[in-house]
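Survey of secondary and tertiary structure
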Amino acid sequence: MSLNNTPSAERVHIGFFGRRNAGKSSVVNAFTGQELSVVSEVKGTTTDPVMKSMELLPMGPVVIIDTPGFDDEGSLGELRVKKTKQVLNRADCAVLVVDATQGKTPADQELITLFQQKELPYLIAYNKTDLTAAPPLGENEVAVSAVTREGIEELKERVARLTRSPSEGKRLVGDLLTPGDLVVLVTPIDSAAPKGRLILPQQQTIRDVLDSDCTAIVVKENTLADTLAKLGAKPRMVITDSQAFAQVDRDTPKDIPLTSFSILMARYKGFLTDAVQGVAAIDTLQDGDKVLIAEGCTHHRQCEDIGTVKIPKWLREYTGKALQLEHSSGRDFPEDLTPYKLVIHCGGCMLGEREITYRRKTAADNGVPFTNYGITIAHLKGILKRSVELFPDLYALLP
């Protein structure tokens, strides 16, 4: 996968924060070498976070985020500040741009406190040093000028040292394979499938299998049984789209491990243990309980959509309860989860690990169980133990 095609969730997210007219957008433009953000002497020119995926040396594929001024005013300003805070949940690194002619203000200090609370690596860039000398610099501070570009290269190098790729040293499935293994991938092609392509977790899994010097055989669910019968060797595992779990379970011999793309993605994003533990809450749901079904991306809803149609149908059939099901998608994730008895999240392929961690932690802080699509469907179909047998530590958690 080329750097230009690296998915957003696999890129380092660098957020630029600060007060209005501290020169954030000018520093962003100097940092990227592009006119990424509109620059003006008028306060509050940046009204919403501006995001740009790009390749930036020496870091590689990144997402640059320019945020609205943190000292914005009025009701609209409050909304802008709220969006700025939301960026903190998905940034891997923060750059606080301070106007060197004014020094740090209470708004700047509030941002620093937020960085520290969220354990977010950060640097302080004193801008406008072409107009005045920067104050004595601390260990995580640098003097820059967006006008003369003085200090910009040092800022880039310092940011690079603070960050790492979200996927560094992690594998979707490769660590479970030995070179030469055969892996069968089941990818249903129905009305909800993207036209002319596979969904991202399927693409990434195929690539990881190939990178492991293994063989990937990709089939639809209606040809799985015939394909397995024709193979001259037993596959190391079968990986399926979760919505086809029931049929794939029936057609896959019990001596072949079975799991799903969603389960592998939850493991890759670091919340599979929570998902396995949280799914037990389904068995305690009562009439009137609220369940949040959350997706990390936004897409056109099809008639057989997995999050808004299939999972709700299977939940009601399994529990026999009159549940109140609510939905969120994209960045629209509730900050207050106390009304819910359970959060069922997608695999999170379009979200960075920091944002998934934030959502999981928000649920934990509110005492709300947190699981995902793949584990939920496996539980509802009665094949949860089989779906995690590849992971002995998780398998041991189940009754």
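Okay, so let's go over this structure. Note that this is a predicted model, so its numbers are computed, not measured.

1. Side note on the overall build of the chain
Scanning the chain from terminus to terminus reveals 14 helices and 14 strands. A total of 399 residues make up the chain; the buried ones form 53% of that total. A separation threshold of at least 6 residues defines the contact pool for the chain, and within that pool the share at least 24 residues apart is 70%.

2. Details of the packing of aromatic side chains
In this structure the tally under the stated criterion is 4 aromatic pairs. Ring centres of phenylalanine 16 and phenylalanine 31 lie 5.2 Å apart, and the angle between their planes is 70°; this geometry places the pair in the edge-to-face category. Residue phenylalanine 16 is located in strand β1 (residues 12-18), and its partner phenylalanine 31 is located in helix α1 (residues 24-32); the two are separated by 15 residues in the primary sequence. The burial state of phenylalanine 16 is the same as that of phenylalanine 31; both residues are buried. Residues phenylalanine 271 and phenylalanine 370 carry aromatic rings whose centres are separated by 5.6 Å and whose planes lie at 75° to one another, so their mutual orientation is edge-to-face. One end of the pair, phenylalanine 271, is in the loop between α8 (261-269) and α9 (272-278); the other, phenylalanine 370, is in strand β14 (residues 370-372), with 99 residues separating them in the sequence. Its relative accessible area of 0% is what places phenylalanine 271 among the buried residues. Each member of the aromatic cluster is reached from another via a ring pair, and the members are Phe17, Phe115 and Tyr122.

3. Section: helix α3 (residues 106-117)
Across its 12 residues, α3 extends 16 Å between first and last C-alpha, which sits within 8% of the 16 Å expected from 1.5 Å per residue. Taken together, the buried positions of α3 are occupied by Ala107, Asp108, Leu111, Ile112, Leu114 and Phe115. End-on, the buried residues of α3 take up no more than an arc of 160°, which puts them together on one face. Residues of α3 that are exposed and angled more than 90 degrees away from the buried face: Pro106 and Gln117. A positive phi of about 55° marks glutamate 119, the residue just after α3.

4. A look at unusual backbone geometry
Here the phi dihedral of arginine 149 falls at roughly 70°; this positive angle occurs in a residue that is not glycine. Even without being glycine, aspartate 213 reaches a positive phi, approximately 60°. By the secondary structure assignment, aspartate 213 is in the loop between α5 (200-211) and β8 (215-219). Owing to a relative accessible area of 58%, aspartate 213 belongs among the exposed residues under this scheme.

5. Details of the nonpolar core
In summary, soluble globular proteins display a tendency toward joint burial of nonpolar side chains. In this structure, Ile375 and Phe391 are the most contacted members of the largest nonpolar core, which totals 72 residues. Considering every element that reaches this core, the biggest residue donor is α8, with 6 residues. Residue contacts for phenylalanine 391: discarding those within four places in its chain leaves Leu176, Thr259, Ile263, Leu264, Arg267 and Leu272. Judged by nonpolar contacts, the second largest core, of 25 residues, contains Met54, Cys93, Val97 and Leu123.

6. Examining empty space enclosed by the protein
All told, the structure shown has 3 cavities of 30 Å³ or more when counted by the stated rule. Looking at the largest cavity, its volume works out to about 100 Å³. As for the largest cavity, its lining consists of Gln86, Asn89, Arg90, Arg331, Phe333, Glu335, Glu355, Tyr358 and Arg359. Counting residues per element, the lining of the largest cavity draws most heavily on helix α11 (residues 353-365), which supplies 3 residues. Looking at the lining of the largest cavity residue by residue, the classes come out as 2 nonpolar, 2 polar and 5 charged.

7. Quick word on the environment of glycine 138
The topology assignment puts glycine 138 in the loop between β5 (122-127) and β6 (141-143). Residue classification places glycine 138 among the partly exposed positions, given a relative accessible area of 34%. Between the C-alpha atom of glycine 138 and that of leucine 123, which follows or precedes it by 15 residues, the distance is 9.9 Å.

8. Some details on the sheet that holds strand β11 (residues 290-294)
The strands making up a sheet are joined through hydrogen bonds of the backbone, oriented either antiparallel or parallel. Across the sheet, 4 strands lie side by side as β12-β11-β13-β14; this open sheet has parallel pairing. Either end of the sheet is taken by a strand with one partner, and the two such strands are β12 (324-328) and β14. Sheet twist, expressed as the mean angle between neighbouring strand axes with direction ignored, is 25°. Sheet analysis places β11 next to β12, joined by 5 bridges and oriented parallel. Bridge pairing in β12 links lysine 290 to glutamine 324. Contacts between helix α10 (residues 306-319) and the sheet are confined to β11, β12 and β13 (342-345), with β12 contributing the most and set at about 155° to the helix.

9. Observations regarding the pairing of strand β3 (residues 60-66)
Here β3 lies mainly inside the structure; 7 of its 7 residues are buried. Pairing of β1 with β3, which is carried by 5 bridges, proceeds in the parallel orientation. For valine 12, the partnering residue across the bridge sits in β3 and is valine 62. As defined by bridge partners, strand β2 (residues 50-56) adjoins β3 across 7 bridges and the pair is classed as antiparallel. Along β3, the bridge assignment pairs serine 53 with valine 63. Counting the residues that bridge the hairpin from β2 to β3 gives 3 residues.

10. Comments concerning the sheet that holds β5
If you trace the 6 strands from one edge of the open sheet to the other, you get β2-β3-β1-β4-β5-β6, paired in mixed fashion. Here the strands that pair on one side only, and so sit at the sheet edges, are β2 and β6. Strand after strand, the sheet turns through a mean of 25° between neighbouring axes, direction not considered. One ladder, built from 5 bridges, connects β1 with strand β4 (residues 93-99); its direction is parallel. Opposite phenylalanine 16, over in β4, you have valine 95 as the bridge partner. On the sheet, α1 packs against β1, β2, β3, β4 and β5 and is oriented at approximately 150° with respect to β1. Contacting β1, β2, β4, β5 and β6, helix α4 (residues 152-162) runs over the sheet at an angle of about 170° to β5.

About the criteria used
Residues numbered from 1 in each chain as written. Predicted model: local features only at pLDDT ≥ 70, side-chain atom pairs only at ≥ 80, totals over all residues. Heavy atoms only, no water. Helix = DSSP H or I, 4+ residues; strand = E, 2+ residues; numbered from the N terminus. Buried < 20%, exposed > 50% of the residue type's maximum accessible area, 1.4 Å probe, protein only. Contact = heavy atoms within 4.5 Å. Phe/Tyr/Trp six-rings, centres within 6.5 Å; stacked < 30°, edge-to-face > 60°. Expected span 1.5 Å × (residues − 1). Arc of directions from axis to C-beta. Core = buried A, V, L, I, M, F, W, Y, C linked by side-chain atoms within 4.5 Å. 1 Å grid on protein atoms, 1.4 Å probe; cavity = no way out; pocket = protein on both sides within 12 Å on 5 of 7 lines; lining within 4 Å. Points joined across faces, edges and corners; volume = space filled by probe spheres on them. Nonpolar A, V, L, I, M, F, W, Y, C, P; charged D, E, K, R; others polar. Pairing = 2+ DSSP bridges. Axes fitted to C-alpha atoms, helices over the stretch in contact; angles between N-to-C directions.

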